[in-house]
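So you can see what is in the structure, the chains are spelled out below.
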Amino acid sequence: MWRVGWEALEQWGDDVVRIEPLTGGVGVNEVWSVRVNGHLAVGRLGQRSDADLAWETDLLRHLDREGVGVPVPIPTTDGRHFADGLVVMTYVEGRSPETEADWRRVAMIDWDESHVDVPDLDLALPHNAAGLDDDAYDIAAQARAAWEAAVCWDPSGTDRFAVKRLAEVRAVLSSSESTERA
């Protein structure tokens, strides 16, 4: 499936092993827990360009230097922060957000998917953690569902996540349009 694959992990040295797959994401990346020089870490293998990975790893390193709690890229033995689509980062302890308060604390940029576009796509969080008004939240949730269906779509229609997200897409009316139609 991947051009080089997990063999790229060897570029982090002799004392490195892939442990187990981690959950999350929408299938764009393969994410595993790994051990590098005796330390638990996370490896993410994907198809992002070197330019995308350079931007992301530079951003994460900058945020870490500024005191933001983010996973920090672990360099290869020759000092690169990614190799052949693979990024290895420090493991960050924690759990998935569960409560409304949790979601408000982590609202939350998806660094892997962050780029300049419509910010509402990133603000359609559970429990409306970003505090959008009802209309804005509904529009953002629909836009996010449509976007995720589009980026994951397999022409055969067999990607279950894409099919599920596409089924959630519907026409969105503002409250004033809803009132006018009633």
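A short tour of the structure in this document, coming up.

About the cut-offs
- Residues numbered from 1 in each chain as written.
- Predicted model: local features only at pLDDT ≥ 70, side-chain atom pairs only at ≥ 80, totals over all residues.
- Heavy atoms only, no water.
- Helix = DSSP H or I, 4+ residues; strand = E, 2+ residues; numbered from the N terminus.
- Buried < 20%, exposed > 50% of the residue type's maximum accessible area, 1.4 Å probe, protein only.
- Contact = heavy atoms within 4.5 Å.
- Areas by Shrake-Rupley, 256 points an atom, 1.4 Å probe, with all protein chains shown as cover.
- Phe/Tyr/Trp six-rings, centres within 6.5 Å; stacked < 30°, edge-to-face > 60°.
- Lys NZ or Arg CZ within 6 Å of the ring centre and 35° of its normal.
- Core = buried A, V, L, I, M, F, W, Y, C linked by side-chain atoms within 4.5 Å.
- Salt bridge = Lys/Arg side-chain N within 4 Å of Asp/Glu carboxyl O.
- Polar contact = N/O pair within 3.5 Å; in protein donor to acceptor, adjacent residues only side chain to side chain.
- Patch = residues over 30% accessible without salt bridge, like charges linked within 9 Å, V, L, I, M, F, W, Y side chains within 5 Å.
- Expected span 1.5 Å × (residues − 1).

**Side note on the overall build of the chain**
- When you go through the chain residue by residue, the secondary structure sums to 6 helices and 4 strands.
- Within the span of the chain, comprising 182 residues, buried residues form 30% of the whole.
- For the chain, the proportion of contacts with a sequence separation of at least 24, taken over those separated by at least 6, is 46%.
- Within the structure as shown, the chain displays about 11,400 Å² of accessible surface, and the carbon and sulfur contribution to it stands at 53%.

**Looking at the packing of aromatic side chains**
- Taken as a whole and assessed by the stated rule, the structure comprises 1 aromatic pair.
- When the ring centre of W32 is taken as origin, the NZ or CZ atom of R18, which lies over that ring, is 4.1 Å away.

**Details of the nonpolar core**
- Core analysis: the largest hydrophobic core is formed by 13 residues, its most contacted members being W6, L9, W12, V34, V36, L86 and V88.
- When residues of this core are traced back to their parent elements, those giving at least two are β2 (30-36), β3 (39-45) and β4 (86-90).
- In terms of residue count, the dominant contributor to this core is β2 (3 residues).
- Not counting residues up to four positions away in its chain, the partners in contact with L86 are W6, A8, L9, W12, G43, R44 and L45.
- Among the nonpolar cores identified, the runner-up in size contains 7 residues, and V70, F82, V87 and M89 belong to it.

**Concerning the pattern of salt bridges**
- Enumeration according to the criterion identifies 11 salt bridges in this entry.
- The partner of R165 in a salt bridge is E168, with the nearest N and O atoms 2.3 Å apart. Of the two residues, R165 and E168 are both situated in helix α5 (residues 160-168); the distance of 3 residues between them amounts to about one turn of the helix.
- We classify R165 as buried; its relative accessible area is 12%.
- Relative accessible area serves as the criterion here: at 30%, E168 is assigned to the partly exposed category.
- Three or more residues joined by partner-sharing salt bridges are found here, namely R144, E148, K164, R165 and E168.

**Looking at the side chain of R44**
- Positionally, R44 belongs in strand β3.
- Classification of R44 as buried rests on a relative accessible area of 8%.
- Within the structure, R44 has its side chain in polar contact with the side chain of E56 (distance 2.6 Å).

**Quick word on a nonpolar patch on the surface**
- Side chains of V17, I19, L40 and Y91 sit close together on the surface and give an oily, nonpolar patch of about 300 Å² of accessible area.
- Structurally, Y91 can be placed in the loop between β4 and α2 (100-106).

**Thoughts on the environment of A150**
- On the secondary structure map, A150 appears in helix α4 (residues 134-152).
- For the pair A150 and V163, spaced 13 residues apart in sequence, the C-alpha to C-alpha distance is 9.6 Å.

**Let's talk about the environment of G69**
- Tracing the chain through its elements places G69 in the loop between α1 (50-65) and β4.
- Judged by relative accessible area, which is 77%, G69 ranks as exposed.

**A closer look at α4**
- The terminal C-alpha atoms of α4, which comprises 19 residues, lie 27 Å apart, in line with the 27 Å expected from a rise of 1.5 Å per residue.
- When α4 is considered as a whole, its buried residues turn out to be A140, Q142, A145, E148, A149 and C152.
- Tucked inside the fold, the buried residues of α4 contact α3 (120-123) and α5.
- Among the residues of α4, the N-terminal cap falls to D133, whose side-chain oxygen and the backbone nitrogen of D135 are separated by 3.1 Å.

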